[in-house]
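Chains, contacts and geometry: an overview
One letter stands for each residue in the lines below.
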Amino acid sequence: MTHPFLDLPPLSAERFAAIEDRVARLLDTRQDVLVTQGEALLPLEGAIRAAAGPGTVALNVVTGPYGQTFGNWLRDSGATVHDLAVPFHTAVTAGQIRDAFAEHPEIDFVSLVHAEAATGNTNPVAGIGEVVRERGALFYLDAVASVGAEPVLPDAWGVDLCVIGAQKALGGPAGVSAISVSERAWVRMAANPGAPRRSYLSLLDWKERWLDAGRKALPHAPAQLEMLALEACLERVEAAGLETVTARHRGAAMATRAGAVALGGGLEPYVHEVADAAPVATTLRVPSGVVAAELVARALADDPALPLAAGGGALAREMVRVNHYGPDATPEAVRACLAALGRALEERGLAVDPAAARDAAAAAWH
């Protein structure tokens, strides 16, 4: 049989490098950029295991489930970890980071999630980066959910290890990811005897065999379809303009938040302050007596393609997520989600006002 995705010509090292260069332009970074051949958990874990080990003292900020995962990896690597956990309905502040350094001045590694799509919050990385730079610690950032939905600027913010994925706001593939690496992060990895080597997790192997070799020959066969999809989504973002793409996500978030409040039925924003709410996805708290997972299931019954989900784990009882990212960062998607949630709430005997929700969402989109 034949298919457009079969029998493609090999992806050249030159084209692979050109895609990395486009990622660097997206991030406005002069750091080394590696496009890694797997979902973003690959470079997220690889970077921690390469840069942290016995002797590392880490400040791990927990504003959602991924922050908890990073703490586990840091401990597995032998680091001493101080967790800074804040309620999932808010964001961490630069002042809290400064206080943590004052309490533990030996901290030399800070891990942070920029936007937690799972909980709907976003953290003020620019201000946090200033504090981390003052203290000379290495700064590791998960920007998988935020890139494309809001600015991600590793150089301007002093981020040493910045991981992104294409599957959310960029509207691209899930099976390929990227990381920008500062020179001092490479030095830290090279000095770590426990850094993965001869391993799929090894960033140092990629550096030596790919970057230091001039990006002339790929170390192994690339994930060709995923690379081509990443290239296509970067082209699409470039054509629209990154500012336009981020504005779309900001508009979707504001419209969803305003529409949910106007809808009534007991729905309310899960993240209390607008400034703490992530543009990539909006989380909503359901009224007492309603199970979020059941409400979402009913809302999806008529249209399974709606970007709605219940919260993960224990949050499945109380949280609804409106995943208005990528191709779903549109007024139409927001209106459809609000209408479906309104019908599901009304079936439970709760008073809703769909017209008010539509009007509020339209007024908030800007």
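My aim in this report is to walk through the structure given alongside it, one point at a time. (Residues numbered from 1 in each chain as written. Predicted model: local features only at pLDDT ≥ 70, side-chain atom pairs only at ≥ 80, totals over all residues. Heavy atoms only, no water.)

Re the overall build of the chain
- Counting secondary structure elements, the chain contains 13 helices and 13 strands.
- For the chain, whose C-alpha radius of gyration is 21 Å, the value lies close to the compact-globule estimate of 21 Å for 366 residues.
- For the chain, the spread of C-alpha atoms along the three principal axes comes to 65 × 60 × 30 Å.
- Counting over 366 residues, the chain shows a buried share of 56%.
- A separation of at least 24 residues holds for 71% of the contacts in the chain among residues at least 6 apart in sequence.
- Total accessible area on the chain stands at roughly 15,100 Å², and carbon and sulfur atoms take up 54% of it.
- Measuring between centres, the 30 positive side-chain charges of the chain sit 2 Å from its 43 negative side-chain charges. (Helix = DSSP H or I, 4+ residues; strand = E, 2+ residues; numbered from the N terminus. Rg over C-alpha atoms; globule rule 2.2 N^0.38 Å. Buried < 20%, exposed > 50% of the residue type's maximum accessible area, 1.4 Å probe, protein only. Contact = heavy atoms within 4.5 Å. Areas by Shrake-Rupley, 256 points an atom, 1.4 Å probe, with all protein chains shown as cover. Lys, Arg positive; Asp, Glu negative; His and termini not counted. Charge placed at Lys NZ, Arg CZ, Asp CG, Glu CD.)

What about helix H1 (residues 13-27)?
- Spanning 15 residues, H1 covers 21 Å between terminal C-alpha atoms, matching the ideal 21 Å at 1.5 Å per step.
- Turning to H1, its buried residues number three or more, namely Ala13, Phe16, Ala17, Ile19, Glu20, Arg22, Val23, Ala24, Leu26 and Leu27.
- Phi for aspartate 28, located one or two positions after H1, is positive at around 50°. (Expected span 1.5 Å × (residues − 1).)

Here's the deal with the sheet that holds strand S8 (residues 161-165)
- Taken in spatial order, the seven strands make up an open sheet running S1-S9-S8-S7-S4-S2-S3, and their pairing is mixed. Edge strands, defined here as strands with exactly one partner in the open sheet, are strand S1 (32-36) and strand S3 (80-85). Ignoring which end each strand starts from, the neighbouring axes of this sheet average 15° apart.
- Where strand S7 (residues 138-142) lies against S8, three bridges are found, and the strand directions are parallel. (Pairing = 2+ DSSP bridges. Axes fitted to C-alpha atoms, helices over the stretch in contact; angles between N-to-C directions.)

What about the sheet that holds strand S10 (residues 268-269)?
- Spatial ordering of the open sheet is given by S10-S11-S13-S12, a layout of four strands whose pairing is antiparallel. Looking along the sheet, the strands with just one partner apiece sit at the ends: S10 and strand S12 (308-310).
- Where strand S11 (residues 282-285) and strand S13 (residues 319-322) come together, four bridges link them in antiparallel fashion. Paired with threonine 282 across the two strands is valine 322, which belongs to S13.
- Of the strands in this sheet, S10, S11 and S13 are in contact with helix H10 (residues 242-263), which crosses S11 at around 15°.
- On the sheet, helix H11 (residues 292-301) packs against S12 and S13 and is oriented at approximately 155° with respect to S12.

Comments concerning the environment of alanine 91
- Structurally, alanine 91 can be placed in the loop between S3 and helix H4 (94-103).
- Of the residues examined, alanine 91 reaches a relative accessible area of 6% and is grouped as buried.
- Each C-alpha atom of the pair alanine 91 and alanine 79 lies 25 Å from the other, and the pair is 12 residues apart in sequence.
- Discounting chain neighbours no more than four positions away, the residues touching alanine 91 are Val86, Gln96, Thr122, Asn123, Pro124 and Asp276.

Description of unusual backbone geometry
- We note that arginine 198 has phi near 50°; this positive angle belongs to a residue other than glycine.
- Note that arginine 198 resides in the loop between helix H7 (183-190) and helix H8 (203-211).
- The phi torsion at arginine 215 lies on the positive side, around 55°, for a residue other than glycine.
- When you line up the elements, arginine 215 lands in the loop between H8 and helix H9 (224-240).

Describing a nonpolar patch on the surface
- Where nonpolar side chains cluster on the molecular surface, the patch consists of Phe5, Leu8 and Leu225 and spans about 280 Å² of accessible area.
- Here leucine 225 shows up in helix H9.
- Overall, the relative accessible area of 39% leaves leucine 225 in the partly exposed class. (Patch = residues over 30% accessible without salt bridge, like charges linked within 9 Å, V, L, I, M, F, W, Y side chains within 5 Å. Salt bridge = Lys/Arg side-chain N within 4 Å of Asp/Glu carboxyl O.)

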